[in-house]
Amino acid sequence: MLYICGMKHIRFIILLVLVFPALNIFAQARLDRFKTHIKFLADDKLRGRDTGSEGEEMAAAYIIEEFKAARLQAAGPDGQWRQPFEFVASRRAGDDCALNIAGKSLKLNTDYLVFPETGDGAFSGDAVFVGYGIQAPHIGHDDYKSAGDLKGKIVVIERGSPESDNPHSKYAEFAPLAVKIETAVKQGVAGIVFVNPNKSELDEPKLSFSRRLSRESIPILWLREGKAAALNGKVISGNLRLQIDRRTGHNVVAKMDHGAPYTIVIGAHFDHLGMGTEGSLYRGEPAVHNGADDNASGTAMLIELAHSLNDQPYKRFNYVFIAFSGEERGLLGSNYFCKNPSIDLDKVSCMINFDMVGRLDKTKNTLGINGVGTSPFWKESLAK
Ligand SMILES: [Zn+2]
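This report concerns the structure included in the present document. Everything numeric in this text was worked out from a predicted model, so none of it was measured.

### Concerning the coordination of the zinc ion
The coordination sphere of the zinc ion contains the protein donors His 269 (NE2), Asp 294 (OD), Asp 355 (OD) and Asp 355 (OD), at a distance range of 2.0 to 2.5 Å. Coordination geometry of the zinc ion: the 4 donor atoms subtend angles of 54 to 145° at the metal centre, consistent with an arrangement described as irregular. Counting gaps between the donor residues of the zinc ion yields the pattern H-x24-D-x60-D. In this pair, His 269 is assigned in strand E15 (residues 263-269) and Asp 294 in helix H6 (residues 292-310), connecting sequence segments 25 residues apart.

What follows is the structure in structure tokens.
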């Protein structure tokens, strides 16, 4: 898959796709080199090139050596090859969390679970039971209607809905925990305690960290044995501590400077899913996600284009090569680069990104190109 974005100064662009034949990039020696790169990057010893891992560093070191061999120069911050960026890999309750209900102390993970989107610190408030915590007056249901002022209160909410067994129920869109959290936060509550409804078949909720989760400022918990109505009016207090796993990922940034006024950026992400981090479809024991196609293939393309372009007379542009990390965890590396560019973005004509170029649909024999609509130029050129 080829992505094209960020268009400027279109008329100066040499479309790399169109010059591939001239680059003779698919000569046998090159194909062998492609295989060598992919074999190294997708090897088990890199353990899936997870962002911020040792495997990511091994891959980055390999790419840098190749860029050096292609006579590129470092173009990261302060003239370095690597551009570091920090990210939160996980957030979970620390062992020193405390929770009390009406003076009785409860045990983390035995009596209660802490949501990854929870706030931390000390809290205390009276419990107010608000049923399913659904506020949907347009379908004739509002659990908050007679709850009164909830500022400073800790709401107790039952999971599910009045029609939990029916996936097509009118309540279905209001049943997800994230929706209930959002609704409760809007009431200005001091905390949220979820419980399973009486006689419920529900298991414990699956609470896993995701970068998409918003971080709330209030405590959010699930009680294993809580009986919602019995909690009403009781004082719930505690102190939540979070263990936040911060890590550092690295983009690799290099340039081929021809002293030209404008620059073409060529990119590919080199990270993958490690041993099965967020985003993996695999279920089971942790296992190496090799990522040969996604995206050792695009990284190999990046490396080989660096070698090829240096041997060619195409000097009307400078070229910047970026191997991004953190893509699988949510475009972290490219996002960071755009906000903290180590090159002058005003001088960038276009950006071409390679992702999963390791296989071709043999029945159609076509290459997927995304982002063509970012400029009329691409459509015209690709049609030729
Ligand atoms: Zn990818």
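Now that the structure is up, let's keep going.
### Observations regarding the nonpolar core
Generally speaking, nonpolar side chains in soluble globular proteins are found buried as a group. Grouped together as the largest cluster of nonpolar side chains are 40 residues, with contacts concentrated most on Phe 67, Leu 72, Ile 266, Tyr 319 and Phe 321. At 8 residues, H6 tops the list of elements feeding residues into this core. What Phe 67 contacts, discounting residues up to four positions off in sequence, is Leu 72, Trp 81, Val 252, Ala 254, Leu 302, Ile 303, Ala 306 and Phe 321. Residues Leu 106, Val 156, Leu 231 and Ile 236 belong to the second largest nonpolar core, which totals 20 residues.

### Overview of the sheet that holds strand E7 (residues 121-129)
Read from one edge to the other, the open sheet built from 8 strands follows the order E5-E4-E13-E7-E10-E11-E12-E6, with strand pairing classed as mixed. Each edge of the sheet is formed by a strand with only one pairing partner; in this case those strands are strand E5 (104-106) and strand E6 (112-114). Going from strand to strand, the sheet's axes swing by 30° on average, the running direction of each strand aside. Examined bridge by bridge, strand E11 (residues 191-195) and strand E12 (residues 220-223) share 4 bridges and lie parallel to one another.

### Structural notes on the pattern of salt bridges
The tally for this structure, following the rule as stated, stands at 11 salt bridges. Across the salt bridge formed by Arg 33 and Glu 304, the nearest N and O atoms sit 3.0 Å from each other. You can see Arg 33 sitting in helix H2 (residues 28-41) and its partner Glu 304 sitting in helix H6, a full 271 residues away along the chain. With relative accessibility at 29%, the residue Arg 33 sits in the partly exposed group. Among the residues examined, Glu 304 registers a relative accessible area of 0% and is labelled buried. For Asp 126, the salt bridge identified is with Lys 153, shortest N-O distance 4.0 Å. Taken as a pair, Asp 126 in strand E7 and Lys 153 in the loop between strand E9 (141-142) and strand E10 (154-158) lie far apart in primary sequence, 27 residues in all. Overall, Asp 126 belongs to the partly exposed group, its relative accessible area being 33%. Classification of Lys 153 as partly exposed rests on a relative accessible area of 25%. Because the salt bridges share partners, they merge into one network encompassing Arg 30, Arg 33, Glu 66 and Glu 304.

### Here's the deal with the packing of helix H3 (residues 54-69) against H6
For the pair H3 and H6, interaxial distance at closest approach is 8 Å and the crossing angle is 20°. The pairing of H3 with H6 is recorded here as roughly parallel in orientation. Of the two elements, H3 crosses H6, and the hand of that crossing is right-handed. Residues Tyr 62, Ile 63, Glu 66, Phe 67 and Ala 69 of H3 lie in contact with H6, whose contacting residues are Thr 299, Leu 302, Ile 303, Ala 306 and His 307.

### Some thoughts on unusual backbone geometry
Residue Asn 295 is reached from Asp 294 by a cis peptide bond, and omega for that bond is 5°. Within the fold, Asn 295 resides in helix H6. The phi torsion at Arg 47 lies on the positive side, around 45°, for a residue other than glycine. Examined against the element boundaries, Arg 47 turns out to sit in the loop between H2 and H3. When its relative accessible area of 48% is taken as the criterion, Arg 47 is described as partly exposed. Although it is not a glycine, Leu 331 sits at a positive phi angle of roughly 55°. As for its placement among the helices and strands, Leu 331 is situated in the loop between strand E16 (318-324) and helix H7 (332-339).

About the thresholds
- Residues numbered from 1 in each chain as written.
- Predicted model: local features only at pLDDT ≥ 70, side-chain atom pairs only at ≥ 80, totals over all residues.
- Heavy atoms only, no water.
- Donors = N, O, S within 2.8 Å, 3.2 Å for Na, K, Ca; no water.
- Tetrahedral: all angles 85-135°; square planar, octahedral: opposite > 155°, others 65-115°.
- Helix = DSSP H or I, 4+ residues; strand = E, 2+ residues; numbered from the N terminus.
- Core = buried A, V, L, I, M, F, W, Y, C linked by side-chain atoms within 4.5 Å.
- Buried < 20%, exposed > 50% of the residue type's maximum accessible area, 1.4 Å probe, protein only.
- Contact = heavy atoms within 4.5 Å.
- Pairing = 2+ DSSP bridges.
- Axes fitted to C-alpha atoms, helices over the stretch in contact; angles between N-to-C directions.
- Salt bridge = Lys/Arg side-chain N within 4 Å of Asp/Glu carboxyl O.
- Parallel < 35°, antiparallel > 145°, perpendicular 65-115°, else oblique.
- Left-handed = near helix turned anticlockwise from the far one by under 90°.

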